[in-house]
Every structure is written in structure tokens, then in C-alpha cells.
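# Observations on the model geometry
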Amino acid sequence: MCDLNICTRSEAKSFIKKGLVNVNGETVKDPGAHVDPDSDTVFYKGEKLKYIKNVYFMLNKPAGIVSAVTDDKDKTVIDLFRSENRKGLVPVGRLDKDTHGLIIITDDGDLCHHLTSPGHHVPKTYFVGLKDPITDDSLLKLEAGVELKGDGITKPAKTLKLNEKEILLTINEGMYHQVKRMAAAVGNKVIYLKRIGIGDIKLDESLKEGEYRQLTKEELLLLKK
Ligand code: URA
């Protein structure tokens, strides 16, 4: 019931104790009773619950791989998953073929749709390697917003200078080639790009390029927040 977002764990316990939950035709009042989602039928207030267990992964995308489900010529992020894990998996949003780093992969179409809808703005943090040294003036411009032809002015962003040619950049929308175009707008050029954060979810640096793991419960809550 918690996984289906019907209620919290403690509410579920109280609903069960109140006799509002029925398993296979029998009221179950013990919150510790075991239910097998594959073989048991659970009713809450007389309504049958449809339990779909979705999977959520974080992948450390290597360069040279496209963020798609299938592709005629290139390997896709889904091809990196073992075949038995692949059913219904889609990448949440896109990274360019030459971009590295964090991408969420799931079979939860509704969440994917929600997270990629135009009105949904989750800050995304990139490690950016630049061709030329970055000036303080350029950092201020990136933070304030720069004009991207056809897309308007970018929302206020955050920067952190790591050294002359490397910065962290956190942006709040997902325009086409946004980071590369922002760098170009201040007269620079991106030569290496890696996404290291989506909202409060950080790339697990123990994942080698091409490796993935399931999101933890805490990460999933952050994603659904
Ligand atoms: N900005 C880009 O330019 N490329 C990406 O892959 C992601 C953000």
C-alpha cells in the first residue's frame, strides 16, 4: 500500500488493524502478515489493489552510447542492461552521445513522463571540462542566464569553479545541448561533460562507466519527491 502511494507505513498498519484490508477474501488484522504480490489478492476498503513493482536504476553512462531504447546504428543505454532485466526499461530524459554520467533508467512510464514533462524542473549538476580558462565574468553570466538562440534566456544557474578549466554547473531546465550551448554563449567550448547529480540524487562514483545499480529506497523517495 505504501509502494502504491495509498498511505504511509504507519497509516497502513492502522488501516490493517481496523480491518480495512482483506487478503484473498479474508480480513487480515495483523500488519506483520506476509503477502505475496504475485499470488495473493489484496483489497483495501473493498477495492482490489493492482500491485506493479517497478524497477529504478542509476546508470553511469559512458560516452559513445545513445540515450534511447533502440537505435539502428549505435549502442543504447538499454543495451547495457542484461537482457533479462530489459523489459519495458526507458531512460529518463536524454544525455548527448558524448556525455558521461548519471542517467535514471526505469520501467515506470508514468514517473518517466512526469519527470520529463516541460513543467517539471529538477536541477541537474554537470562536471564541465572547458577548452579555455573560465573568467569570473563568464561564471557570473552563466549564473545569471545566457541567451540560447531559439530557446530564450536560461534560468539562473549555479557554478563552482574547480580550477581554470573545470567547473560544476547546476542548471534548472533541460534545453537541447544546454550546457554546451551555454559554454559557447560565453565564448568557451565544452570538451568533457559528465552529469553527476539529478535533484538530490548523486551519481554513485563506485559505478564504473557502463555499470548500473538499483536506486536505494532513499534515492527513490528523492526521485518521487
Ligand atoms: N547539456 C548538454 O549540452 N549535453 C548533455 O548531454 C546534457 C546537458
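We now turn to the structure provided with this report. Every value quoted in this text rests on a predicted model; they were computed, and no experiment measured them. (Residues numbered from 1 in each chain as written. Predicted model: local features only at pLDDT ≥ 70, side-chain atom pairs only at ≥ 80, totals over all residues. Heavy atoms only, no water.)

## A word on the overall build of the protein chain
- Counting its secondary structure elements, the protein chain contains five helices and 15 strands.
- Compactness check: the protein chain gives a C-alpha radius of gyration of 22 Å against a globular reference of 17 Å for 225 residues, more than 25% above the reference.
- Taking all 225 residues of the protein chain together, the buried fraction comes to 40%.
- The long-range fraction of contacts in the protein chain, counting pairs at least 24 apart against all pairs at least 6 apart in sequence, stands at 59%. (Helix = DSSP H or I, 4+ residues; strand = E, 2+ residues; numbered from the N terminus. Rg over C-alpha atoms; globule rule 2.2 N^0.38 Å. Buried < 20%, exposed > 50% of the residue type's maximum accessible area, 1.4 Å probe, protein only. Contact = heavy atoms within 4.5 Å.)

## Some details on the packing of aromatic side chains
- This structure, assessed with the given rule, holds five aromatic pairs.
- Summarising the aromatic geometry, the rings of Phe 57 and Tyr 212 are spaced 5.4 Å apart at their centres and angled 85° between planes, so their arrangement reads as edge-to-face. Placement of Phe 57 in strand E5 (residues 56-61) and of Tyr 212 in strand E15 (residues 212-214) is noted, with a sequence separation of 155 residues between them.
- Here Phe 57 falls in the buried class, since its relative accessible area comes to 6%. (Phe/Tyr/Trp six-rings, centres within 6.5 Å; stacked < 30°, edge-to-face > 60°.)

## What to know about the site of the ligand
- Neighbouring the ligand are Leu 95, Asp 96, Thr 99, Tyr 126, His 177, Gln 178, Val 179, Lys 180 and Leu 193.
- One of the backbone nitrogen or oxygen atoms of Lys 180 is found 3.1 Å away from an oxygen atom of the ligand.
- Protein chains bury 95% of the 230 Å² of accessible surface belonging to the ligand in isolation.
- With three residues, the top contributor of residues to the shell around the ligand is helix H4 (residues 178-185).
- Classifying every residue of the shell around the ligand gives four nonpolar, three polar and two charged.
- A domain split of the shell around the ligand shows at least three residues from each of domain 2 (56-118 + 203-224) and domain 3 (124-198). (Near = heavy atom within 4 Å. Polar contact = N/O pair within 3.5 Å; in protein donor to acceptor, adjacent residues only side chain to side chain. Areas by Shrake-Rupley, 256 points an atom, 1.4 Å probe, with all protein chains shown as cover. Nonpolar A, V, L, I, M, F, W, Y, C, P; charged D, E, K, R; others polar. Domains from an automatic or database assignment.)

## Some words on the pattern of salt bridges
- Inspection of every chain in the model, using the stated rule, returns eleven salt bridges.
- Put simply, Lys 73, Asp 74 and Lys 97 are held in one network by salt bridges that share partners. (Salt bridge = Lys/Arg side-chain N within 4 Å of Asp/Glu carboxyl O.)

## Let's talk about empty space enclosed by the protein
- Applying the stated criterion to the full structure yields one cavity of 30 Å³ or more.
- Reported here for the largest cavity is a volume of approximately 40 Å³.
- Lining of the largest cavity is provided by Val 128, Leu 130, Ile 134, Leu 142, Ile 167, Leu 169, Val 179, Ala 183, Val 186 and Asn 188.
- Of all the elements in the fold, those that place two or more residues in the lining of the largest cavity are strand E8 (124-130), strand E12 (166-171) and H4. (1 Å grid on protein atoms, 1.4 Å probe; cavity = no way out; pocket = protein on both sides within 12 Å on 5 of 7 lines; lining within 4 Å. Points joined across faces, edges and corners; volume = space filled by probe spheres on them.)

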